[in-house]
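Tertiary structure, described
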There are 2 protein chains.
Amino acid sequence: MLPSKISGELEVLSRNPLIAMQNPAIDKAAQLVREALTERKALIIVGNCWVDYSGRASSKLEPGERIVIFKEDGSVLVHRPTGYEPVNWQPPGCLFSVRAVSNTLQIRAIRRKPSESVKIFFDNVYEVCALNLVDNGAFSLYASEEDMQRAILSRPSLLEDGFEPITYEKKVESGFVDVYGVDKTGKFVVVEIKRKPAGRAAVLQLAKYVKAIRSMVNREVRGVLVAPDVAKGVQRLIVTLGLEFKALDPRKCALVLTKPETKRLVDFFEDTG
Amino acid sequence: MLPSKISGELEVLSRNPLIAMQNPAIDKAAQLVREALTERKALIIVGNCWVDYSGRASSKLEPGERIVIFKEDGSVLVHRPTGYEPVNWQPPGCLFSVRAVSNTLQIRAIRRKPSESVKIFFDNVYEVCALNLVDNGAFSLYASEEDMQRAILSRPSLLEDGFEPITYEKKVESGFVDVYGVDKTGKFVVVEIKRKPAGRAAVLQLAKYVKAIRSMVNREVRGVLVAPDVAKGVQRLIVTLGLEFKALDPRKCALVLTKPETKRLVDFFEDTG
DNA sequence: GAGTGGATTTCGCAT
DNA sequence: ATGCGAAGTCCACTC
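A few points on the structure. (Residues numbered from 1 in each chain as written. Chains lettered and ligands numbered in written order. Predicted model: local features only at pLDDT ≥ 70, side-chain atom pairs only at ≥ 80, totals over all residues. Heavy atoms only, no water.)

Assigned secondary structure in chain A consists of 6 helices and 14 strands. When each of the 273 residues of chain A is scored for burial, the buried share is 49%. In chain A, 54% of the contacts between residues at least 6 apart in sequence involve partners at least 24 apart. (Helix = DSSP H or I, 4+ residues; strand = E, 2+ residues; numbered from the N terminus. Buried < 20%, exposed > 50% of the residue type's maximum accessible area, 1.4 Å probe, protein only. Contact = heavy atoms within 4.5 Å.)

What follows covers helix α4 (residues 200-214) of chain B. Here α4 of chain B is 15 residues long and its end C-alpha atoms lie 21 Å apart, about the 21 Å a rise of 1.5 Å per residue gives. Among the residues of α4 of chain B, Ala202, Val203, Leu206, Tyr209, Val210, Ala212 and Ile213 of chain B are the ones counted as buried. (Expected span 1.5 Å × (residues − 1).)

Residue-level contacts link 65 residues of chain B with 65 residues of chain A. A buried area of about 5400 Å², summed over both sides, lies between chain B and chain A, and 58% of it is on carbon and sulfur atoms. One salt bridge in this structure joins arginine 66 of chain A and aspartate 135 of chain B, with 2.6 Å as the shortest N-O distance. Viewed at the interface, chain A and chain B are joined by 28 residue pairs in polar contact (both at pLDDT 80 or more). Listed by contribution, the elements that provide at least two residues to the side of chain B that touches chain A are α1 (4-15), β1 (18-22), β2 (42-54), β3 (58-70), β4 (76-79), β5 (88-90), β8 (116-131) and β9 (139-142) of chain B. At 11 residues, the largest contribution of residues to the side of chain B that touches chain A is made by β3 of chain B. In the side of chain B that touches chain A, the residues fall into 29 nonpolar, 17 polar and 19 charged. One ladder, built from 4 bridges, connects strand β9 (residues 139-142) of chain A with β3 of chain B; its direction is antiparallel. Bridge pairing in β3 of chain B places tyrosine 142 of chain A opposite serine 58 of chain B. (Buried area = accessible area lost by both parts, 1.4 Å probe. Salt bridge = Lys/Arg side-chain N within 4 Å of Asp/Glu carboxyl O. Polar contact = N/O pair within 3.5 Å; in protein donor to acceptor, adjacent residues only side chain to side chain. Nonpolar A, V, L, I, M, F, W, Y, C, P; charged D, E, K, R; others polar. Pairing = 2+ DSSP bridges.)

Next up on the list: the pairing of strand β14 (residues 244-247) of chain B. Residue and element names in this part refer to chain B. Where strand β13 (residues 221-227) meets β14, 4 bridges bridge the pair, whose relative direction is parallel. Counted as the bridge partner of alanine 227 is alanine 247 from β14. What joins β13 to β14 is helix α5 (residues 234-240), and the crossover it makes is right-handed. (Right-handed = clockwise from strand over helix to strand, strands pointing away.)

Right, let's talk about unusual backbone geometry for a bit. A cis amide bond, omega -10°, links lysine 113 of chain A with the succeeding residue proline 114 of chain A. One non-glycine residue, asparagine 23 of chain B, lies in positive phi territory at about 45°.

Under the counting rule described, the total for this entry stands at 23 salt bridges over all chains. Glutamate 65 of chain B serves as the salt-bridge partner of arginine 15 of chain A, at 2.7 Å between the closest nitrogen and oxygen. Highlighted residues: arginine 15 of chain A in helix α1 (residues 4-15) and glutamate 65 of chain B in strand β3, drawn from two different chains. On the accessibility criterion, glutamate 65 of chain B (3% relative accessible area) is buried. Salt bridges sharing partners connect three or more residues here, namely Glu160, Asp183, Arg222 and Glu244 of chain A.

Another aspect to go through is the environment of tyrosine 180 of chain B. Residues and elements named next belong to chain B. With respect to the helices and strands, tyrosine 180 occurs in strand β11 (residues 175-182). For tyrosine 180, a relative accessible area of 5% translates into the label buried. On a C-alpha basis, the gap between tyrosine 180 and valine 190 in space is 4.8 Å, while along the polypeptide they are 10 residues apart.

Now the structure itself:
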């Protein structure tokens, strides 16, 4: 048995994850492109191209140098040198046709429902990479601050037994309260949520909100800071200002959100308890 | 003066749009990556990597083979071999740091407001492309069917003078009416919109809707087919069924939508008149 | 700078 | 299959 690192490298050598051409002739490029698309490989083409799209809408992209990616599932991305979003694209499930006509590489990607067509024309190809990629790595995303808020609203006992949210993001002067409610003794509770160890700023903000609410209602008002932890020295400040701290791990919130939110909030740390 | 095709190729040769390395050692790859990011070039890295994200939320991506793109504007895309969307990303405006530590290429992309960090680690690089891309090609998108609908609603005179929409996408049995309203003589008008030359199916659908509406109201009901053109032989069918046709170019609709829609609906055919 | 609405949204889950 | 809501949405525009 070889060490996994070594065996992995051998595997990569035998699989040959990459076939690349630099500045190929159009017909050579077309050949590699056709092969890659036929074998459902991922494919990168860099070159000077123009694009016609027709389907739900229509668009035309004049010539320029771009990065075009074809994926194993039949999706297409045309990326300009700037911007997060592709300028043209096609969702997964496309059928392709490839032609080399009068020194122009033409690739058409079509799909049904809705019926859409993207045609890409290259008159200059700088690089073609046909890729045989293996990607089984798990992706896990855990709770955002907003997720923690939803978690508390959907299960108020996360904060404390008997807590009942009244409204959330209540507007006060200079901001919004994350969560706002009443505890089991009838006192108002103002909650400030942080998904990271809370610093001084979070505490001061909470104090400000508590003060604002106190000026509006004639009842006792508690201020509770919810975060996975507090930064060093902040605990003292919390006590000094008459506030409270409740530890809550954002990963735990992720597990609580079992309704539609489950989709992206998967078990990340199984050792969370 | 050289022909533009030739001069363009000379320009490409002198500019050197591509520096590529296949299966480089990690430190060599790091060198090219650092250079490309420093010079604000676009950059493609294909290899085995894992990713940590922390910011609005947090995520972890276990090792696998992916395509990673860095763009001139400081945006980052991590693409798995399938799917339209990047699994991890960073919007434009990032700052980068590159390190090669114990045979691992580490790239960090951070941005402020919101404060976010994406860390990408490669232990195996199959391909690195540093790109010097020139892309000034105009992108134009013109109206979708929905845009045409909005255009008519925002300027009913596109259909005819005196037309007043009542509601749109009115539900009838087996479908929705695109636009529904009253003409200047008080008759009901049912509008069916197509962004391409209308075929028999569109006409028959409109006829069905007209029939459905007639069974619901005690008033005259007109059926108007709106499209840039009608397919061959369909005009007869329209007349036979007692319907009407109104020619409307989707490109014209695009120009009508001058409110927020302007952003993507630019003048595409200046010779539209 | 914050807030609002659209997108060739995409994506995932519900019915 | 269709519809609904969320997204690390992104993006452009308004106040």
